[in-house]
Amino acid sequence: MEEESKDIIVLGAIKHGIEKFDKIQKTTQIDSKELNIILEKLENRGFIKVKEKKGWFGNKIEIHITEKGFKEVDERVHEMQLKWNQMATLYKTGDKEKLKQTMDENKSFIPTMMFFGVMDMMMFSMMFSMMGIGMSNYVPAESMPDGGMDDGGMDDGGMDDGGMDDGGMDDGGFDFDIGF
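Residues numbered from 1 in each chain as written. Predicted model: local features only at pLDDT ≥ 70, side-chain atom pairs only at ≥ 80, totals over all residues. Heavy atoms only, no water.

K.L.:
Describe the nonpolar core, naming the residues involved and giving the relevant values.
P.N.:
Of all hydrophobic cores here, the largest spans 43 residues; its most connected members are Val10, Trp84, Met103, Phe116, Phe124 and Met127. By residue number, the principal contributor to this core is helix α4 (residues 67-93), which donates 8 residues. Ignoring anything within four residues of it in the chain, the contact list for valine 10 reads Ile24, Thr28, Ile30, Leu35, Ile38, Leu39 and Leu42. (Core = buried A, V, L, I, M, F, W, Y, C linked by side-chain atoms within 4.5 Å. Buried < 20%, exposed > 50% of the residue type's maximum accessible area, 1.4 Å probe, protein only. Helix = DSSP H or I, 4+ residues; strand = E, 2+ residues; numbered from the N terminus. Contact = heavy atoms within 4.5 Å.)

K.L.:
Give me the pattern of salt bridges: which residues, what numbers.
P.N.:
Tallied over the entire structure, the rule returns 6 salt bridges. Between aspartate 104 and lysine 100 there is a salt bridge, with the nearest N and O atoms lying 3.4 Å from each other. Pair noted here: aspartate 104 and lysine 100 are both in helix α5 (residues 96-105), with a separation of 4 residues, about one helical turn. (Salt bridge = Lys/Arg side-chain N within 4 Å of Asp/Glu carboxyl O.)

K.L.:
Help me get a handle on unusual backbone geometry, residues and values and all.
P.N.:
One non-glycine residue with positive phi stands out, namely glutamine 29, at about 60°. One can find glutamine 29 in the loop between α2 (21-28) and α3 (32-44).

K.L.:
I'd like a description of the packing of aromatic side chains, backed by residues and values.
P.N.:
Evaluated as defined, the whole model comprises 3 aromatic pairs. Plain terms: the ring middles of phenylalanine 115 and phenylalanine 116 are 5.4 Å apart, the flat faces sit at 85° to each other, and that makes the pair edge-to-face. Members of the aromatic cluster, each reached through a chain of ring pairs, are Trp84, Phe124 and Phe128. When the ring centre of phenylalanine 109 is taken as reference, the NZ or CZ atom of lysine 83 above it lies at 4.0 Å. (Phe/Tyr/Trp six-rings, centres within 6.5 Å; stacked < 30°, edge-to-face > 60°. Lys NZ or Arg CZ within 6 Å of the ring centre and 35° of its normal.)

K.L.:
With reference to specific residues and values, describe the pairing of strand β2 (residues 58-65).
P.N.:
Both faces of the sheet carry side chains from a regular strand, because those side chains alternate between them. Of the strand pairs in this sheet, strand β1 (residues 48-55) and β2 are connected by 8 bridges, and their pairing is antiparallel. Looking across to β2, one finds that isoleucine 48 is bridged to isoleucine 65. (Pairing = 2+ DSSP bridges.)

K.L.:
Would you mind going over the packing of α4 against α5 in detail, with residue names and values included?
P.N.:
Closest axis-to-axis distance for the α4/α5 pair is 8 Å, and the angle between their directions is 160°. On the basis of the axis angle, α4 is roughly antiparallel to α5. In this structure, α4 meets α5 at a crossing whose hand is left-handed. When α4 is examined against α5, the residues Gln86, Met87, Leu90 and Tyr91 are found in contact with a partner set consisting of Lys98, Leu99, Thr102 and Met103. Its residues placed into classes, the contact of α4 with α5 shows 5 nonpolar, 2 polar and 1 charged. (Axes fitted to C-alpha atoms, helices over the stretch in contact; angles between N-to-C directions. Parallel < 35°, antiparallel > 145°, perpendicular 65-115°, else oblique. Left-handed = near helix turned anticlockwise from the far one by under 90°. Nonpolar A, V, L, I, M, F, W, Y, C, P; charged D, E, K, R; others polar.)

This is the structure we're talking about:
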């Protein structure tokens, strides 16, 4: 996964209230050394603030997003939504060549789109079927729903909404139940 996409995934997790290092690590599936580097970069860029609080069992560190960080996440999610809409339009028109080209150009954004719940996973699966290629060429196995979609993602009709009552599709919200 591209370095910058990991940065935005970490920033997005913090934006949605995950404030502790170990929980950020668990949610994003990024090893602690790399996560530490990413958090330092985000702090240096003014996207997050690290606060140390005194607690019963010693000091604890909380990570909070700044206004600048909120704006960055929102802009990036909007960009991803536009890219997804472009891919969805190409799929609906049946233009396999342009769809493959667009997916190749946006390969590094696909895991991030999955993390932020930008894409419709059912349509995403059908795109690969239409092109006759495997999803593993675009998405690392650890990022795929159900750890690799052994059954084509259809065990639940492809509609795993992460427990969201509104269907969880195309709402720009988080869907932590997709392997991250």
